[in-house]
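Next come the chains, spelled out residue by residue.
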There are 2 protein chains.
Amino acid sequence: MAKTILVVDDEKRLVSVVEAYLEQEGYHVIKAYNGREALHIARDEKPDLIILDVMMPEMDGLEFMQHHRKESDTPIILLTAKVESDDRVIGLELGADDYVIKPFRPRELLARIRAVLRRAGETRPVASKLQSGDITLDRDGHTVEVSGEYVDLTPSEFDILSALMSSPGRVFSRLELLDRIQGTAYEGYERTIDVHIKNLRAKIEHDSRDPQYIKTVYGVGYRFARE
Amino acid sequence: MAKTILVVDDEKRLVSVVEAYLEQEGYHVIKAYNGREALHIARDEKPDLIILDVMMPEMDGLEFMQHHRKESDTPIILLTAKVESDDRVIGLELGADDYVIKPFRPRELLARIRAVLRRAGETRPVASKLQSGDITLDRDGHTVEVSGEYVDLTPSEFDILSALMSSPGRVFSRLELLDRIQGTAYEGYERTIDVHIKNLRAKIEHDSRDPQYIKTVYGVGYRFARE
DNA sequence: CAATGACTTCACAATTCCTTTACAGTTCTC
DNA sequence: GAGAACTGTAAAGGAATTGTGAAGTCATTG
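Calculation rules
Residues numbered from 1 in each chain as written. Chains lettered and ligands numbered in written order. Predicted model: local features only at pLDDT ≥ 70, side-chain atom pairs only at ≥ 80, totals over all residues. Heavy atoms only, no water. Helix = DSSP H or I, 4+ residues; strand = E, 2+ residues; numbered from the N terminus. Buried < 20%, exposed > 50% of the residue type's maximum accessible area, 1.4 Å probe, protein only. Near = heavy atom within 4 Å. Polar contact = N/O pair within 3.5 Å; in protein donor to acceptor, adjacent residues only side chain to side chain. Nonpolar A, V, L, I, M, F, W, Y, C, P; charged D, E, K, R; others polar. Contact = heavy atoms within 4.5 Å. Buried area = accessible area lost by both parts, 1.4 Å probe. Salt bridge = Lys/Arg side-chain N within 4 Å of Asp/Glu carboxyl O. Pairing = 2+ DSSP bridges. Axes fitted to C-alpha atoms, helices over the stretch in contact; angles between N-to-C directions.

Draft legend 1. Expanded view of the environment of Leu 78 of chain B. Residues and elements named next belong to chain B. Positionally, Leu 78 belongs in strand 4 (residues 76–81). Judged by relative accessible area, which is 1%, Leu 78 ranks as buried. Separated by 25 residues in the primary sequence, Leu 78 and Asp 53 place their C-alpha atoms 5.8 Å from one another.

In structure tokens form, the structure reads like this:
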């Protein structure tokens, strides 16, 4: 069964980006925008993991942990800004299992999540293979097979293809795809995606001038062909 | 059939780490978080070995042993903190088979487990040998053979190779590999893994500049060749 | 307590990847 | 069909990641 992850941060945009990414990875995501709210939700929903911003209004992350630790030992990953590196120590002493420094890339956070969940005894990851037509994408092995042949993709290419294949037929805007690979790191230039798509097509399409898998939706974005 | 090991400690995190490690080594692990709970579980499940923390709430390790010894002679390995060195003597007098001082590294504990189980007349756990291509790794003998020749690996190198070979084709992040060799991950520098990998490659690859076994997955981690 | 080996950290080199730019090609709108 | 808007693409500089030798630290052994 899918693991439930509670994401707590007052930056709604960040929460959305993380949510989209984790859901695409097969996790069930619930959200809260401050510590107080998070406490109630954690009680009711009993998530398998909590991702927690240190800096928040109402009740900050450290305060949340002090309360929460009294009633549960759910693993916690802290999000900290660079300058707050002291919080890191405090956080780990208060019982955080790991921390990630903002801004971070989704794949970075994912690596931490996997490690923490595995440490917490979960050897059962989510369904790790996506298949569509002649293409098989394996998230565990980070490999892509086209017509039985392994194709080497860069991290960004892999993330984009992974996003597209997670919902064949659905159109992803460039911004969404950018979020997948950059997170909230910085506002990037959307056209960067075009270049990744070009390179992706060169690797997985039989004829990149008449793509069968990655279709362009004029004025909107890209989508993976549904069969 | 796989040996069953009961791990008893009130530090859940520690139990999880030990569990993950032992399961990877082919043991079946059951858990308890205090002495009272452990007594019931030991009765029902009849583990082949018990790993027992001395300091615990409710019923501590020594108390547990007094009760347990009346009904069974399951081998017991004690976990003690440094300061409790007196407990060690008491524990051994009460019938512990060995003890390990906290904090310990997983392989340290593993060595004790093997020794105790061997002494108790048991044979090896399942799947003690991993083979792939020209490489054979023997977890029992702690040996590695490449093209029929024995190769000397350091403990860390052995653990990393063992992890990688346990799931060929799966990518392990540096964080995960750090977990394998350190037990606790958030402290420690991920790039340390790079150095171990370099040294490993020098020992097992025919051409370490074009590795056939240990592949780098850029931006993600390392994996044992999938073919 | 010296010596050996293992582990970690650091600094820099080597490699791979990402982004941006500029322009060409395509699709849409009127 | 012309112009505007959008997309495809090649190339180059810069950023990020990995490889590696060496020094320093720690633990173990003789």
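Draft legend 2. Spotlight on the protein's contact with DNA strand C. In the region of DNA strand C, 19 residues are neighbours, and Thr 154, Ser 156 and Gln 182 of chain A together with Thr 154 and Gln 182 of chain B sit closest. Each atom of DNA strand C within 4 Å of the protein was classed as base or backbone; sugar and phosphate made up 83%. Contact distances for DNA strand C include 2.6 Å between a phosphate oxygen and a side-chain N or O atom of Thr 154 of chain B. Counting residues per element, the ones that place at least two in the surface near DNA strand C are helix 6 (155–166) and helix 8 (192–204) of chain A together with helix 6 (155–166) and helix 8 (192–204) of chain B. Split by residue class, the surface near DNA strand C holds 8 nonpolar, 10 polar and 1 charged.

Draft legend 3. Region of interest: the protein's contact with DNA strand D. If you check the shell around DNA strand D, you find 23 residues, and the closest are Thr 216, Gly 219 and Tyr 222 of chain A together with Gly 219 and Tyr 222 of chain B. Put simply, 52% of the atoms of DNA strand D that lie within 4 Å of the protein are in sugar or phosphate. Within the side chain of Arg 191 of chain A, one N or O atom sits 2.8 Å away from a base nitrogen of DNA strand D. One of the side-chain nitrogen or oxygen atoms of Arg 174 of chain B is found 3.3 Å away from a phosphate oxygen of DNA strand D. Within the residue set of the surface near DNA strand D, elements represented by two or more residues are helix 8 and strand 11 (214–217) of chain A together with helix 8 and strand 11 (214–217) of chain B. Across the surface near DNA strand D, the residue classes break down as 8 nonpolar, 4 polar and 11 charged.

Draft legend 4. Expanded view of the interface of chain A and chain B. Opposite the 18 residues of chain A that make contact, chain B presents 23 residues. Taking both partners together, chain A and chain B bury about 1,900 Å²; carbon and sulfur atoms supply 50% of that area. Ranking the residues of chain A by area buried against chain B places Arg 118, Arg 119 and Asp 140 of chain A at the top, with a combined share of 33%. Put simply, chain A and chain B have 2 salt bridges between them. Residue Arg 112 of chain A is joined to Glu 190 of chain B by a salt bridge in which the shortest nitrogen-to-oxygen separation is 3.0 Å. Counting every contact that joins chain A to chain B gives 4 residue pairs in polar contact (both at pLDDT 80 or more). When residues in the side of chain A that touches chain B are grouped by element, the largest group, 6 residues, is from helix 5 (residues 106–119) of chain A. For the side of chain A that touches chain B, a count of residues per class yields 6 nonpolar, 4 polar and 8 charged.

Draft legend 5. Representation of the sheet that holds strand 7 (residues 135–138) of chain A. Residue and element names in this part refer to chain A. The antiparallel open sheet is built from 4 strands, whose spatial order is 6-7-8-9. Strand pairing shows two members of the sheet lacking a second neighbour, strand 6 (129–132) and strand 9 (149–151), which therefore form its edges. The sheet shows a mean angle of 25 degrees between the axes of neighbouring strands, taken without regard to direction. Where strand 6 lies against strand 7, 4 bridges are found, and the strand directions are antiparallel. The residue bridging Lys 129 from the neighbouring strand is Asp 138, located in strand 7. Lying over the sheet, helix 6 contacts strand 6, strand 7 and strand 8 (143–146), oriented at roughly 115 degrees with respect to strand 7.

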